[in-house]
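Listed below are the residues making up each chain.
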2 protein chains.
Amino acid sequence: MAVTIRDVARVAGVSASTVSRALSSPEIVDAVTLERVLRVADHLGYRPNRAAQGLITGRTGNLGLILPDLANPFFPSVVKGIQSQAHAGDYQVFVMDTDEDASAEVGLVRSLAKQVDGIILCSPRMKPAELRDAARLAPVVLVNRRAGSIPSVSADNAQGMLLIVEHLAGLGHQRIGFVAGPRQSWSTKERVRGLRAAAERVDVQLVELGNFAPTFEGGAEAAEGVLIGAVTAVVAHNDLMAMGLLGALRERGIAVPRDVSVVGIDNIQTSAMVHPALTTLAIPKEQAGRRSVDLLLQHLADPSAPIPLTTELPTELLVRQTTGPATHPKEPR
Amino acid sequence: MAVTIRDVARVAGVSASTVSRALSSPEIVDAVTLERVLRVADHLGYRPNRAAQGLITGRTGNLGLILPDLANPFFPSVVKGIQSQAHAGDYQVFVMDTDEDASAEVGLVRSLAKQVDGIILCSPRMKPAELRDAARLAPVVLVNRRAGSIPSVSADNAQGMLLIVEHLAGLGHQRIGFVAGPRQSWSTKERVRGLRAAAERVDVQLVELGNFAPTFEGGAEAAEGVLIGAVTAVVAHNDLMAMGLLGALRERGIAVPRDVSVVGIDNIQTSAMVHPALTTLAIPKEQAGRRSVDLLLQHLADPSAPIPLTTELPTELLVRQTTGPATHPKEPR
DNA sequence: CAGATATCTGCAATCGGTTTCAGACTGAGG
DNA sequence: CCTCAGTCTGAAACCGATTGCAGATATCTG
């Protein structure tokens, strides 16, 4: 059916070995033979059979990507970055959505391990011990999480939180609320830590308003706490929550940013499309994706070479319309 | 390194063939042998090598998915549906994002064809002739497009447009604007057609406001035309555009839905999160994804069996806050 | 009880590449 | 002219599974 290496060999009047060499190590075959083989291969539309190559070389040319929920607007950008970078390196990407099921992750890694050369775990929910096990089954790179000795790519949360707090402090805010994500989440912990450090450094008060689901609804639920907490500014764990919060505040007649300022994190696409447009900390999502692929491919190219363990990408604060001068503290309007 | 079928065979005291049969056609091996083999396989953690299986059977166990832009919030839902349904059928999915590059699609199909058992083309931008060629390289199912004799899954646009127009007419709107997407797009044509038919049937006037990019910005650009067109309601080609339109109208001091009603299409996640929440025609995105996989797997299971050529999924109108009674026509407030 | 049939299993070929090894040929140097 | 190194090529083994074929055993039939 399909044209094989032997077909090319026959037409070019050489052996299969020569064709193989012409394609994979052209420098060791005679120039005129090479040219002829390549022309024939091209003319016949020859495409190496990946399965056959994989069988002998042990390389599949595939990468696996496991993530909790594609519907969460944070992830598609990461996938795009991964996808395009992988493709540039002649790798294909298996995308697997676990529907936020941490236990599914473990099974997926196991079943994927043999079919790919490496796995990218994006915001994995699994336990550290499970991560360690996973990393033994195949080369693994983590995105949005750090763990033990597994290479990882994440945003520089400490720096990002500082940007946020400095911005708010600069607007006169003294009491800043934080609407946290799920307690177990790595990002949540990172961000709490970063905010605490930043608050101390900038000398403002941080009011932790509790943990909520990292969704629009979760953010809406946090509105009550914001009012009770008597803060003049709120940082939400992500943009989705910030948007939920915005909606709930509006329902309660609280004006943003006049009565309270709101800052999101992620810079998802729609954060710029809502009204008022959301001030948010932009995470370089595509870049994180690309970088994770780089790390993986680098490791595959030379498994003995050392891989940078943790890569932290700088964030950027996008000041839009949901942050403004603090009202309460001292500046009477 | 990895445990092979021969390892299992040796430990179980049988031949490799028997192990193979135990795994793929259990009914033809002796019950006690079967049990022993399966136990050993499980105990050793045996996983068949997909490359080896693929080499001999010609089946890869992979599906390819080509789509224009993952960052467009319409697609992740479709991917989720495809992903989960494929996984249920023990298939993996290669996801490829073309970045809206129609010419890239052709190349991708070609390079993917040998590595997958079938390809799902989601909203492909390529020309009909190219589609025909693609379908010759591998089994293909189209999502969101119809073309010649290639099986396809799409929303029932005619029905959907009728729902929209009836809803608006019911609110007293007589002049309804349509902000169309790209002229070449299949959906655009379908929707124009559907709207025209619906307008005629319900006896309202349809004002076509021109073609715009299917983005937030594209929608914003359409605002001017909406005002000039003197319509009391607008249908946008998709939610992203509707949201852009909403923003631009607000900037011009036009209140929605008081001054003008707006209807989107797609029901992307954020359409419910903006204020006012967008009235939109919901497309069953996940379901479309699942269905496309069903069609493909069905064809793979029995290539001779006929496949339903076009599947149209019913849509649903979600009436939220951007549509209200018409102001102009006769009802003075 | 012989012979036919059914059931189960193993051998060996096969898929399409890659890679080791050895041989053919070339040209240089003595 | 012979030897030797260097360059290029082909034969054959191999990766890990599946499957047609044939042989072995058990079961059934008359």
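As shown above, the structure is provided for reference.
Residues numbered from 1 in each chain as written. Chains lettered and ligands numbered in written order. Predicted model: local features only at pLDDT ≥ 70, side-chain atom pairs only at ≥ 80, totals over all residues.

Right, let's get into the overall build of chain A. A tally of regular secondary structure across chain A gives 13 helices and 12 strands. Seen along its three principal axes, the alpha-carbon backbone of chain A occupies a region of about 90 × 35 × 35 Å. Here chain A holds 333 residues, and 51% of them are scored as buried. Of all intrachain contacts in chain A linking residues separated by at least 6 positions in sequence, the fraction that spans at least 24 positions is 68%. (Helix = DSSP H or I, 4+ residues; strand = E, 2+ residues; numbered from the N terminus. Buried ≥ 20, exposed ≤ 12 C-beta atoms within 10 Å, placed from the backbone. Contact = placed C-beta atoms within 7 Å.)

Turning to helix α12 (residues 239–251) of chain A, a few remarks are in order. Residues and elements named next belong to chain A. For α12, with 13 residues, the first-to-last C-alpha span of 18 Å sits near the 18 Å given by 1.5 Å per residue. Among the 13 residues in α12, 11 count as buried, and that is most of the element. Of the residues making up α12, those classed as buried are D239, L240, M241, A242, M243, G244, L245, L246, G247, A248 and L249. Where α12 is buried, its residues contact β6 (175–180), α10 (216–221), α11 (223–228), β8 (233–236), β9 (261–266) and β10 (279–282). (Expected span 1.5 Å × (residues − 1).)

Now for the sheet that holds strand β6 (residues 175–180) of chain B. All names here are of chain B. Spatially, the 6 strands line up as an open sheet ordered β7-β6-β8-β9-β10-β12, and their pairing is mixed. Looking at which strands have only one partner, the edges of the open sheet turn out to be β7 (205–211) and β12 (316–318). The sheet shows a mean angle of 20 degrees between the axes of neighbouring strands, direction not considered. Bridge analysis of strand β9 (residues 261–266) against strand β10 (residues 279–282) gives 4 bridges, and the strand direction is parallel. Bridging across to β10, G264 finds its partner in T280. (Pairing = 2+ DSSP bridges. Axes fitted to C-alpha atoms, helices over the stretch in contact; angles between N-to-C directions.)

Between the two copies, chain B and chain A, the superposition gives an RMSD of 0.1 Å; the rotation angle is 180 degrees and the shift along the axis is 0.0 Å. What we have between these two chains is a two-fold relation. Looking at the interface residues of chain B, 100% of them are also at the interface in chain A, so both copies use one shared face. (Least-squares fit on C-alpha atoms with pLDDT ≥ 70 in both.)

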